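Observations on chain architecture
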Amino acid sequence: MSRRDAEVALRAAGALGRRRVVATERLATHDRVVGAVLDDGTELVVKRDDGRRPGSRSAAAWARTMRAHEESASALARRAPRVVGVDGSRRVAVWERCRARPFADVLAGGAAARHVSARLGADLAELHAAGTVRSRRAPLARPPSIHVFEPPTFDVLADAPGRDYARFYAHGQEVTAELRALCAGWRTTAFVHGDLKCDNVLLGDDGSAVLVDWELAGLGDPMWDVGTVLGHYVHAWLSRVVPREGETLSTWLATTDPPFDAVRASAAALWSGYGRVTPDDACRAAGYAAVFLLDRGFASLWARGRLAAGTWLGVELAKSMLRDPRAGAGLLGAP
């Protein structure tokens, strides 16, 4: 998004007034999220969703979601940057920019990772306690990313071709029953973020979490937020696996830095910070973590048409966790 494009988007969203954009900065690997600096020193984030990915909402629904977040911001002010403007027709949303440290920076393990994980767990518990926040959006009827193994349409395959697609969907057919059972256990008991990968968590100066990208927010299952964070922990670790010719899978995993025990320790700290959960809660969170891993595979296919070795390992692990969620919960440090 160029400076001119950002200025047009800001004006359409009602966030510019008489001001002008003096600088922009790309904030993601694609150009749909930029930071904009205005001539009065105000810093904003501009996000434009092209709506092309399967599962994307219509422009009208996307705008309603953002306005629902805007209405609830007073109740969630400590957890979210303020929404400045929305233009549903162009799928543009504008937030105040939050200068904070990315949560992903502390995922390398150690005491710092455990500390911030525990703090994030406590922050999520506080967010989910605001389950009566009013929203014009209907409750989320199922996990937001569960579309990943719905039968692909011709348009999907034509828009994002790749040799790994057939293999990926074949893996999905193996756990169709498990995914349906997971959907059947979905609950709408709390206000959830809905897209809580670690990229969408920033750390304030006091170590508290600031959450961004609220397009999927609404009433849903609080274990979805917990599960997607845990899924990202595992996905980030698997992305560090380096396959080497002549070595076994066990060797690849055993030599990955940090060791998986560090990931499990961070996951256990998240559970500890979140507080008391039931065994059923932990199993649902494990299932949702598995869905997150599958969604990462879908995203990789959508962007590149193929899957890296670590992502394939994530698909295999996801299937195992869906088949045995109790074991998956234990793997993810559940109490």
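Residues numbered from 1 in each chain as written. Predicted model: local features only at pLDDT ≥ 70, side-chain atom pairs only at ≥ 80, totals over all residues. Heavy atoms only, no water.

1. A short note on the overall build of the protein chain
This is how it is decided: In this text, helices come from DSSP runs of H or I with a minimum length of four residues, and strands from runs of E with a minimum of two, each type numbered from the N-terminal end. Categorising residues by exposure relies on relative accessible area from a 1.4 Å probe, with only protein chains included: less than 20% of the type maximum marks a residue as buried, more than 50% marks it as exposed, and the intermediate range marks it as partly exposed. Contacts were defined at the residue level, with two residues in contact if any of their heavy atoms lie within 4.5 Å. The protein chains shown are the only cover counted for residues, whose accessible areas, like all others here, come from Shrake-Rupley with a 1.4 Å probe.
Secondary structure assignment for the protein chain yields 12 helices and 10 strands. Within the span of the protein chain, comprising 335 residues, buried residues form 51% of the whole. Put simply, 72% of the contacts in the protein chain that link residues at least 6 apart link residues at least 24 apart. Accessible area of the protein chain: about 15300 Å², with a carbon and sulfur share of 50%.

2. A short note on the nonpolar core
Our working rule: What makes a nonpolar core is a set of buried Ala, Val, Leu, Ile, Met, Phe, Trp, Tyr and Cys residues whose side-chain atoms join them at distances within 4.5 Å.
Core analysis: the largest hydrophobic core is formed by 61 residues, its most contacted members being V226, L230, Y233 and W271. Of all the elements, helix α10 (residues 279–304) adds the most residues to this core, at 12 residues. Not counting residues within four places of it along the chain, the set of residues in contact with W271 comprises M223, V226, L230, V277, A282, A285, L332, G333, A334 and P335. The next biggest cluster of nonpolar side chains, apart from the first, holds 15 residues, and it includes M1, A9, A15 and V92.

3. Regarding the pairing of strand β2 (residues 33–38)
Heads up, the rule is: We treat two strands as partners when DSSP finds at least two bridges between them.
Burial analysis of β2 places 5 of its 6 residues in the buried class, the great majority of the element. In this sheet, β2 lies alongside strand β1 (residues 21–26) in antiparallel orientation, the contact comprising 5 bridges. If you follow A23 over to β2, its bridge partner there is V37. Note: β2 against strand β3 (residues 43–48), 5 bridges, orientation antiparallel. By the bridge assignment for β3, G35 is matched with V45. As consecutive antiparallel partners, β2 and β3 are separated by 4 residues, and within that stretch G41 has a phi angle of approximately 90°, a positive value.

4. What to know about the packing of helix α3 (residues 111–129) against helix α9 (residues 260–274)
Here is the rule we go by: Fitted lines through C-alpha atoms serve as axes, helices being fitted only where they are in contact, and the angles separating the N-to-C directions of these axes extend from 0 to 180 degrees. Working rule for handedness: look at the near helix, and if it is turned counterclockwise from the far one by less than a right angle, call the crossing left-handed; if clockwise, right-handed. Only Asp, Glu, Lys and Arg are considered charged, only Ala, Val, Leu, Ile, Met, Phe, Trp, Tyr, Cys and Pro nonpolar, and every remaining residue, Gly among them, polar.
Here α3 crosses α9 at 35°, and the two axes come no closer than 7 Å. Regarding α3 and α9, the two cross each other, and that crossing is right-handed. For the pair α3 and α9, contact is made by A113, R114, S117, A118, L120, G121, A122, L124, A125 and H128 and by A265, S266, A269, L270, G273 and Y274, respectively. Across the contact of α3 with α9, the residue classes break down as 10 nonpolar, 5 polar and 1 charged.

5. Overview of the environment of G172
By the element assignment, G172 lies in helix α5 (residues 165–173). When the C-alpha positions of G172 and K319 are compared, they lie 8.3 Å apart, and in sequence the two are 147 residues distant.

6. Description of the pattern of salt bridges
Selection criterion: Just to be clear on terms, a salt bridge is a Lys or Arg side-chain nitrogen sitting within 4 Å of an Asp or Glu carboxyl oxygen.
Scanning all chains against the criterion turns up 14 salt bridges. One salt bridge in this structure joins R20 and D39, with 4.0 Å as the shortest N-O distance. One end of the pair, R20, is in the loop between α1 (3–12) and β1; the other, D39, is in the loop between β2 and β3, with 19 residues separating them in the sequence. Three or more residues are tied together by salt bridges with common partners; here these are R187, D221, D280, D281 and R284.

7. Considerations on the confidence of the model for the protein chain
What counts is decided by this rule: For every residue, the pLDDT score states the predictor's confidence, bounded by 0 at the bottom and 100 at the top.
Residues at a pLDDT of 70 or more form 79% of the protein chain, whose mean pLDDT is 79. At the low end of the mean pLDDT range in the protein chain sits helix α4 (residues 154–159), at 48; at the high end sits helix α12 (residues 325–331), at 95.

8. A few points about the sheet that holds strand β6 (residues 101–102)
If you trace the 3 strands from one edge of the open sheet to the other, you get β6-β8-β9, paired in antiparallel fashion. A strand with exactly one partner marks an edge of an open sheet, and here the two such strands are β6 and β9 (209–211). Note that strand β8 (residues 201–203) and β9 share 3 bridges and pair antiparallel. Within β9, the residue paired with L203 across the bridge is A209.

9. Focus on unusual backbone geometry
A cis geometry characterises the amide bond from D257 onward to P258, with omega recorded as 0°. On the secondary structure map, P258 appears in the loop between α8 (249–254) and α9.

10. So, the side chain of R284
Note the threshold: For this analysis, a polar contact is any N or O atom pair within 3.5 Å, provided that within protein one partner can donate a hydrogen and the other can accept it, and provided that sequence-adjacent residues contribute only side-chain to side-chain pairs.
For R284, the position within the fold is in helix α10. Residue classification places R284 among the buried residues on the basis of a relative accessible area of 7%. Separated by 2.8 Å, the side chains of R284 and D221 make a polar contact. Here the side chain of R284 touches D281 through a polar contact of 3.0 Å, side chain to side chain. Apart from the residues within four sequence positions on either side, R284 is in contact with L182, G185, R187, D221 and M223.

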